[in-house]
Every structure is written in structure tokens, then in C-alpha cells.
Amino acid sequence: MKIVAINASPRRKWNTATLVGEAAEGAKSEGAEVVTFNLYDLGVYSGCVSCFGCKIGNNKGKCVHKDGLSKVLDEIRTADGLIMGSPNYLGDVTAAFRALYERLVFQYITYSNDPWSYNERHIPVLMIMTSNISEERYPEVGYDVVLEKYKQTLSAHIGPTDIMISGDTLQVNDYSKYDWGYFDPEKKKIRHETEFPAERKKVFELGAEMVRRLSK
Ligand SMILES: Cc1cc2nc3c(=O)[nH]c(=O)nc-3n(C[C@H](O)[C@H](O)[C@H](O)COP(=O)(O)O)c2cc1C
């Protein structure tokens, strides 16, 4: 059993990477092999370049554009489950997540009614988003709608998708260095020490559960 785990934050050890890592550990605890990618370590790549190579002949359903994302797409193609984490950047995912998402999903879209997706091998997806805004405030700022769109599209073309949100994250260790009067550093620190560990446990369990369900 193989799970692909993706960190789409440019920071390799912060909130998103930590939660993706926990989900990966959960999957491993149930016997899965996990292949992890930090998208910001992959060199040069882009989103979909609109070549439509994935709609022709033997390449139907397969992105043919070759760059740093190609090996990630190849690994996902043979994976049994997918864990994808992104920080919220300006109300959406990061540019790196979006590049992978475009390439991953568009290769399967057929532009016909039957079949409407080339992907016949659906796999479970866990999408993790971390953000400054708390999960409770997602409806107020419209992030719930943004995430719902990702959930629906991923569910349709990749497989049944669960979303996990970790809001009100600690963004830096020392807030006093920055011109960031909006935040209460003490509250952020307390939340990071009390609630973030519970989120780590929760996402570990989600990773483990993904593999348990696949094993049934
Ligand atoms: C360029 C940029 C844009 C951001 N935009 C938002 C935003 O619109 N809403 C929000 O809640 N947090 C926003 N954040 C905060 C991050 O989503 C949050 O700190 C996240 O947990 C960082 O993840 P990381 O620690 O894995 O890098 C932004 C951060 C950066 C660097």
C-alpha cells in the first residue's frame, strides 16, 4: 500500500509540514509506505500549460508536460491514497498546490459526457489547510466555499476527499520582530501549545484511518 504525502508550504518544518508529516506517520503506523514531496524542493515547474496532450491517443488521462512535477504525478498515479497540505495564501491554496492541482485534475477531464473522467482508479484524499484565521471563521470570510470547491473537484476526479483545517496557527516564533500588531502573540503561543498537539493527533488518526479503510 502506497500513500503519497505532499507539503505545499514553502516552509519545510512549520504547521503544514508538521500536519502532513503526522498524517504520513499515521499511514505508516498501519503498514503503508509513504512517499513525501515538498513541492518547493522540486525545482522548476508550472501549472497546466494547456497543451491538451492528455486528451490524445495513448496519453489520454496522463499529463505529458515534463518538469519538476512529473515525478509527483507519476507517484500519485500508482498511489493508493493521497495526503495534500497547503497553507492558506490570500484566501486560497499556495501557488505550488494550485500548480499540482491543475495538472493532477485536468489530465483526467475528458470534455465529453461518457466517460467524463479518464480516471478509473479513484483513491482517498486527505486535504489539510492551515491558516491564520480560525476554523470557526471560515464561513465568515468565505474560505469554506473555497475549500468545498476543492473537495468537490478532488472527489470527482481523484477520489473521496476529506478536509482537515488547522486555523489560528503560530506563524513565527517571535512576533516582536515584525510589524504585526494585529496578533496577540501570547494567545497564539498558548493555542500552539494546547490545541495544535491535539490537531497533530487528529491528523495522525486520519492518516491511519485512510490506510485501515483501504485494507478492508
Ligand atoms: C503569502 C501569505 C498569505 C497568507 N494569506 C493568508 C490568508 O489569506 N488567510 C489566512 O488565514 N492566513 C494567511 N496566511 C497565513 C498562513 O496561512 C498560516 O500562517 C499558515 O499556517 C502557514 O503555514 P506554514 O506554517 O506551513 O508555512 C498567509 C501567509 C502568507 C505567507
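Residues numbered from 1 in each chain as written. Predicted model: local features only at pLDDT ≥ 70, side-chain atom pairs only at ≥ 80, totals over all residues. Heavy atoms only, no water.

J.: I'd like a rundown of the nonpolar core, residues and numbers included.
T.: In terms of nonpolar packing, the biggest core is built from 37 residues, with Ile6, Leu39, Ile76, Leu82, Met84, Leu100 and Leu154 touching the most fellow members. When residues of this core are traced back to their parent elements, those giving at least two are β1 (2-7), β2 (33-38), α2 (70-77), β3 (81-87), α3 (95-106), β4 (125-130) and α5 (143-157). Tallying contributions element by element places α3 first for this core, with 7 residues. Aside from chain neighbours lying at most four places away, what touches Ile76 is Val4, Ile6, Leu82, Leu100, Leu104 and Ile123. With 17 residues, the next largest nonpolar core counts Ala23, Ala27, Ile128 and Met210 among its residues. (Core = buried A, V, L, I, M, F, W, Y, C linked by side-chain atoms within 4.5 Å. Buried < 20%, exposed > 50% of the residue type's maximum accessible area, 1.4 Å probe, protein only. Helix = DSSP H or I, 4+ residues; strand = E, 2+ residues; numbered from the N terminus. Contact = heavy atoms within 4.5 Å.)

J.: Which residues make up the state of the cysteines, and what values go with them?
T.: In this structure the tally under the stated criterion is 0 disulfides. The structure places no disulfide on Cys48, whose sulfur is separated from the nearest cysteine sulfur, that of Cys54, by 6.5 Å. A relative accessible area of 32% means that Cys48 is categorised as partly exposed. Distance from the sulfur of Cys54, which forms no disulfide, to the nearest cysteine sulfur (Cys51) is 6.3 Å. (Disulfide = S-S within 2.5 Å.)

J.: Provide a residue-level description of the pairing of β4, including the pertinent values.
T.: On any regular strand, side chains alternate: one points to one face of the sheet, the next to the other face. For β4, the tally of buried residues reaches 6 of 6 residues, placing the bulk of the element in the interior. The two faces of β4 match: Val125, Met127 and Met129 on one face and Leu126, Ile128 and Thr130 on the other face are all buried. One ladder, built from 6 bridges, connects β4 with strand β5 (residues 161-166); its direction is parallel. Residue pairing for β5: Ile128 is matched across the bridge by Met164. (Pairing = 2+ DSSP bridges.)

J.: Report on the site of the ligand, specifying residues and quantitative values.
T.: In the region of the ligand, 17 residues are neighbours, and Arg11, Thr16, Asn88, Tyr143 and Thr169 sit closest. Between the ligand and Arg11, the relevant distance is 2.8 Å, taken from an oxygen atom to a side-chain nitrogen or oxygen of the residue. Burial of the ligand by the protein chains amounts to 80% of its free accessible area of 640 Å². Among the residues forming the shell around the ligand, the class breakdown is 6 nonpolar, 10 polar and 1 charged. (Near = heavy atom within 4 Å. Polar contact = N/O pair within 3.5 Å; in protein donor to acceptor, adjacent residues only side chain to side chain. Areas by Shrake-Rupley, 256 points an atom, 1.4 Å probe, with all protein chains shown as cover. Nonpolar A, V, L, I, M, F, W, Y, C, P; charged D, E, K, R; others polar.)

J.: Lay out the confidence of the model for the protein chain with the relevant residues and their values.
T.: Put simply, the protein chain has an average pLDDT of 97, and 100% of its residues get 70 or more. Per-residue pLDDT, averaged within each element of the protein chain, yields its smallest value for helix α6 (residues 185-194) (97) and its largest for β3 (99). (pLDDT = per-residue confidence, 0-100.)

J.: Describe the packing of helix α1 (residues 15-29) against helix α7 (residues 196-215), naming the residues involved and giving the relevant values.
T.: Viewed as axis vectors pointing N to C, α1 and α7 meet at an angle of 40°, and their least axial separation amounts to 6 Å. The orientation of α1 relative to α7 falls into the category oblique. Here the hand of the crossing between α1 and α7 comes out right-handed. Residue-level contacts link Asn15, Thr18, Leu19, Glu22, Ala23, Glu25, Gly26, Ala27 and Ser29 of α1 to Phe196, Glu199, Arg200, Val203, Phe204, Gly207, Ala208 and Val211 of α7. For the contact of α1 with α7, the residue count by class is 8 nonpolar, 5 polar and 4 charged. (Axes fitted to C-alpha atoms, helices over the stretch in contact; angles between N-to-C directions. Parallel < 35°, antiparallel > 145°, perpendicular 65-115°, else oblique. Left-handed = near helix turned anticlockwise from the far one by under 90°.)

J.: Residues and numbers for the packing of α6 against α7, please.
T.: The geometry of a pair of packed helices is captured by two quantities: the angle between their axes and the separation between those axes. Remark: α6 packs on α7, axes separated minimally by 3 Å, with the N-to-C direction vectors making an angle of 35°. In contact with Arg191, His192, Glu193 and Thr194 of α6, α7 contributes Phe196, Pro197, Ala198 and Glu199. Counted by class, the contact of α6 with α7 contains 3 nonpolar, 2 polar and 3 charged residues.

J.: Just give me the short version of the sheet that holds β5, but keep the residues and values in it.
T.: Reading across the sheet, the 5 strands line up as β2-β1-β3-β4-β5 and stay open at both edges, with parallel pairing between neighbours. Here the strands that pair on one side only, and so sit at the sheet edges, are β2 and β5. Averaged over all pairs of adjacent strands, the angle between strand axes in this sheet comes to 15°, irrespective of strand direction. Along the sheet face, α2 touches β1, β2 and β3 and points at about 145° away from the line of β1.

J.: Any chance you could break down a nonpolar patch on the surface for me, citing the residues and the numbers?
T.: Together, Tyr40, Tyr89 and Leu90 make up an exposed nonpolar region whose accessible area comes to about 360 Å². Note on placement: Leu90 falls in the loop between β3 and α3. (Patch = residues over 30% accessible without salt bridge, like charges linked within 9 Å, V, L, I, M, F, W, Y side chains within 5 Å. Salt bridge = Lys/Arg side-chain N within 4 Å of Asp/Glu carboxyl O.)

J.: Hey, could you go over α7 for me, with residue numbers and the actual values?
T.: Between its terminal C-alpha atoms α7 stretches 29 Å, which fits the 28 Å expected from 20 residues at 1.5 Å a residue. Along α7, the positions that sit buried rather than exposed are Phe196, Glu199, Val203, Gly207, Ala208, Met210 and Val211. (Expected span 1.5 Å × (residues − 1).)

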